[in-house]
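One letter stands for each residue in the lines below.
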Amino acid sequence: MPKPLGVTTTLVRLHTRDGVALDGVVAEPRGRRRTALIWVHGLGSVFSSGQPLIRELAARLDGAGIGYFKFNTRGHDVVAGRGARLAGAAFERFGASVEDLRTVIAFAARRGFRRLVLAGHSTGANKVLHYAARVRDRRVGAIILLGPVSDIAGEAERIGAAELRRRVAAAERLARRDPRALVPRAWGFWSARRYVSLYKPGQAEDVFQYYRTNARWTALRSVRVPIAAILGSRDEYLDRPPRVVLAAFATNATRAPSFTGIVVPRAGHSFIGYEARLAEVVVRWLEGAGAAARRTRS
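What you see is a predicted model, and the numbers here were worked out from it, not measured in a lab.

Student: How should I be thinking about the overall build of the protein chain in this particular structure?
Tutor: The secondary structure content of the protein chain amounts to nine helices and eight strands. On the principal axes, the C-alpha backbone points of the protein chain span a range of 55 × 40 × 40 Å. Looking at the protein chain as a whole, 54% of its 298 residues qualify as buried. Counting only contacts in the protein chain whose residues sit at least 6 apart along the sequence, the fraction spanning at least 24 positions is 72%. Roughly 13600 Å² of accessible area belongs to the protein chain as shown, and the carbon and sulfur atoms make up 50% of that amount. The protein chain carries 50 positive and 24 negative side-chain charges, and their two centres are separated by 6 Å.

Student: Whenever I open this one, the sheet that holds strand S4 (residues 67–71) confuses me. Can you help?
Tutor: Overall, mixed pairing links the eight strands, which are arranged S1-S2-S4-S3-S5-S6-S7-S8 in an open sheet. Of all strands in the sheet, those with a lone pairing partner are strand S1 (10–15) and strand S8 (259–264), marking the two edges. For this sheet, the mean angle separating the axes of adjacent strands, direction not counted, is 20°. Against the sheet, helix H8 (residues 242–252) engages strand S6 (140–146), strand S7 (227–232) and S8, with an angle of about 170° to S8. Of the strands in this sheet, strand S3 (35–40), strand S5 (115–121), S6, S7 and S8 touch helix H9 (residues 275–287), which is tilted by about 155° from S6.

Student: Looking at this structure, I do not really get the pattern of salt bridges. What am I missing?
Tutor: As a working rule, side chains carrying opposite charge can pair if their charged atoms are close by. All told, the structure shown has 20 salt bridges when counted by the stated rule. Note that Asp 23 and Arg 13 form a salt bridge whose closest N and O atoms lie 2.6 Å from each other. Residue Asp 23 is found in strand S2 (residues 21–27), and its partner Arg 13 is found in strand S1; the two are separated by 10 residues along the sequence. Classification of Asp 23 by relative accessible area gives partly exposed; the value is 22%.

Student: Sorry if this is basic, but what is going on with the packing of aromatic side chains here?
Tutor: Remark: the centre distance and the inter-plane angle together describe each pair of aromatic rings, the angle taken between the planes. Applying the stated criterion to the full structure yields seven aromatic pairs. With a centroid separation of 5.9 Å and an interplanar angle of 80°, the aromatic rings of Phe 69 and Phe 107 are classed as edge-to-face. Placement of the pair is Phe 69 in strand S4 and Phe 107 in helix H2 (residues 97–110), with a sequence separation of 38 residues. Accessibility classification places Phe 69 together with Phe 107 in one group, the buried group. Note on Phe 69 and Phe 113: the rings are 5.6 Å apart at their centroids and 85° apart in plane angle, and the pair reads as edge-to-face. Separated by 44 residues along the polypeptide, Phe 69 in strand S4 and Phe 113 in the loop between H2 and S5 bring together distant segments of the chain. Members of the aromatic cluster, connected to one another through ring pairs, are Phe 69, Phe 71, Phe 107 and Phe 113.

Student: In this structure, what is going on with the pairing of S5? I would like to understand it.
Tutor: Within a regular strand, side chains alternate between the sheet's two faces. Where burial is concerned, most of S5 is hidden: seven out of the seven residues are buried. Taken together, the six bridges between S5 and S6 define a ladder with parallel strand orientation. Among the inter-strand pairings, Leu 116 is bridged to a residue of S6, identified as Val 140. This β-α-β element, S5 to helix H3 (residues 123–135) to S6, shows right-handed connectivity.

Student: Which parts of the structure should I look at to understand the nonpolar core?
Tutor: Proteins that are soluble and globular tend to have nonpolar side chains buried together. In terms of nonpolar packing, the biggest core is built from 52 residues, with Phe 69, Ile 143, Leu 145 and Tyr 210 touching the most fellow members. Aside from chain neighbours lying at most four places away, what touches Leu 145 is Gly 120, Ala 125, Val 128, Leu 129, Phe 208, Ile 227, Ala 228, Ala 229, Ile 230 and Phe 249. Among the nonpolar cores identified, the runner-up in size contains 29 residues, and Leu 37, Ala 119, Ile 144 and Val 281 belong to it.

Student: I'm lost on helix H6 (residues 192–199) in this one. Help?
Tutor: It helps to recall that an α-helix has 3.6 residues per turn; residues three or four apart then point in one direction. With seven of eight residues buried, H6 lies mostly within the body of the structure. Along H6, the positions that sit buried rather than exposed are Ala 192, Arg 194, Tyr 195, Val 196, Ser 197, Leu 198 and Tyr 199.

Student: Before we go on, may I ask you to explain the packing of helix H4 (residues 151–159) against helix H5 (residues 161–177) in this structure?
Tutor: Running from amino to carboxyl end, H4 crosses H5 at an angle of 115°, the nearest separation of the two axes being 7 Å. Taken together, the axes of H4 and H5 are roughly perpendicular relative to one another. Judged by residue contacts, Ile 152, Glu 155, Ala 156, Arg 158 and Ile 159 of H4 engage Ala 161, Glu 163, Leu 164 and Arg 167 from H5.

Student: Looking at this structure, how should I read a nonpolar patch on the surface?
Tutor: Taken together, the side chains of Val 78, Val 79, Leu 182 and Phe 189 define a hydrophobic patch exposed on the protein surface, amounting to about 310 Å² of accessible area. Mapped onto the fold, Leu 182 is located in the loop between H5 and H6. For Leu 182, a relative accessible area of 42% puts it in the partly exposed group.

Student: Quick question: what am I supposed to make of H2 here?
Tutor: Compared with the 20 Å implied by 1.5 Å per residue over 14 residues, the 20 Å span of H2 between its first and last C-alpha is a close match. Extensive coverage of H2 is indicated by the burial of 10 of its 14 residues. The complete set of buried residues in H2 reads Ser 97, Val 98, Glu 99, Asp 100, Leu 101, Thr 103, Val 104, Ile 105, Phe 107 and Ala 108. Positive phi shows up at Gly 112, right after H2, with a value of about 100°.

What counts and how
- Residues numbered from 1 in each chain as written.
- Predicted model: local features only at pLDDT ≥ 70, side-chain atom pairs only at ≥ 80, totals over all residues.
- Heavy atoms only, no water.
- Helix = DSSP H or I, 4+ residues; strand = E, 2+ residues; numbered from the N terminus.
- Buried < 20%, exposed > 50% of the residue type's maximum accessible area, 1.4 Å probe, protein only.
- Contact = heavy atoms within 4.5 Å.
- Areas by Shrake-Rupley, 256 points an atom, 1.4 Å probe, with all protein chains shown as cover.
- Lys, Arg positive; Asp, Glu negative; His and termini not counted.
- Charge placed at Lys NZ, Arg CZ, Asp CG, Glu CD.
- Pairing = 2+ DSSP bridges.
- Axes fitted to C-alpha atoms, helices over the stretch in contact; angles between N-to-C directions.
- Salt bridge = Lys/Arg side-chain N within 4 Å of Asp/Glu carboxyl O.
- Phe/Tyr/Trp six-rings, centres within 6.5 Å; stacked < 30°, edge-to-face > 60°.
- Right-handed = clockwise from strand over helix to strand, strands pointing away.
- Core = buried A, V, L, I, M, F, W, Y, C linked by side-chain atoms within 4.5 Å.
- Parallel < 35°, antiparallel > 145°, perpendicular 65-115°, else oblique.
- Patch = residues over 30% accessible without salt bridge, like charges linked within 9 Å, V, L, I, M, F, W, Y side chains within 5 Å.
- Expected span 1.5 Å × (residues − 1).

Structure representation (structure tokens):
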């Protein structure tokens, strides 16, 4: 039987300006509302996934007087929506995530929270960094990147760089004929356009460029708020040691007033079994010097 949460939560449905419904959960502390954490889920996930982490985060954030918001993006599940609004992980357009995040941020601000922290896990981290770099929303006071792994680097490690380039070229040809056409099933369940977005260097989604020599790191270098990047020491999607990845982030977070790199020992990409430790690390960073306007390196 699931362990009771112990924190009052509310289920909420929001609608983006272009009419997409976003379901989510909200936990708000009693008393003064100042800071809230907005959690952005990963590729094909949903707001209700990761119940142990939801429990740990909601409870620890509540104890610190910090609100907690976790909503679907239009990239939830493998396939979502229909017709002109067909989305889900297989069909979503990465750039449209800006509208999803903007909608949740506006809702949290209306609830009285003045300082908002975006925390994205996996592909959610790509979306958070993309939003912070592109929108420069003054309501966003800091960002947390959890499991910020390059899909390109991970897939090149798995199938080989030459094979990945061949598949991307084939997907581009297919996408020119029909962006929603599916790539061969052996490549995963993806539309051709989504496959290119995930795996072609230089796309908007390609924000974690530690795999490229002389990469521009355009998104990371433009962020002007404190940044934390958190990796599990046993992240199964990494092609190199986590400390090497975090060092690349630290070098290129050139305009952030602070950068903190954290490795959670023995944790994998989804931090399963290490939820309490992850929640502790996140809340400690939110409360401490990591979120202050000064530059640190780890």
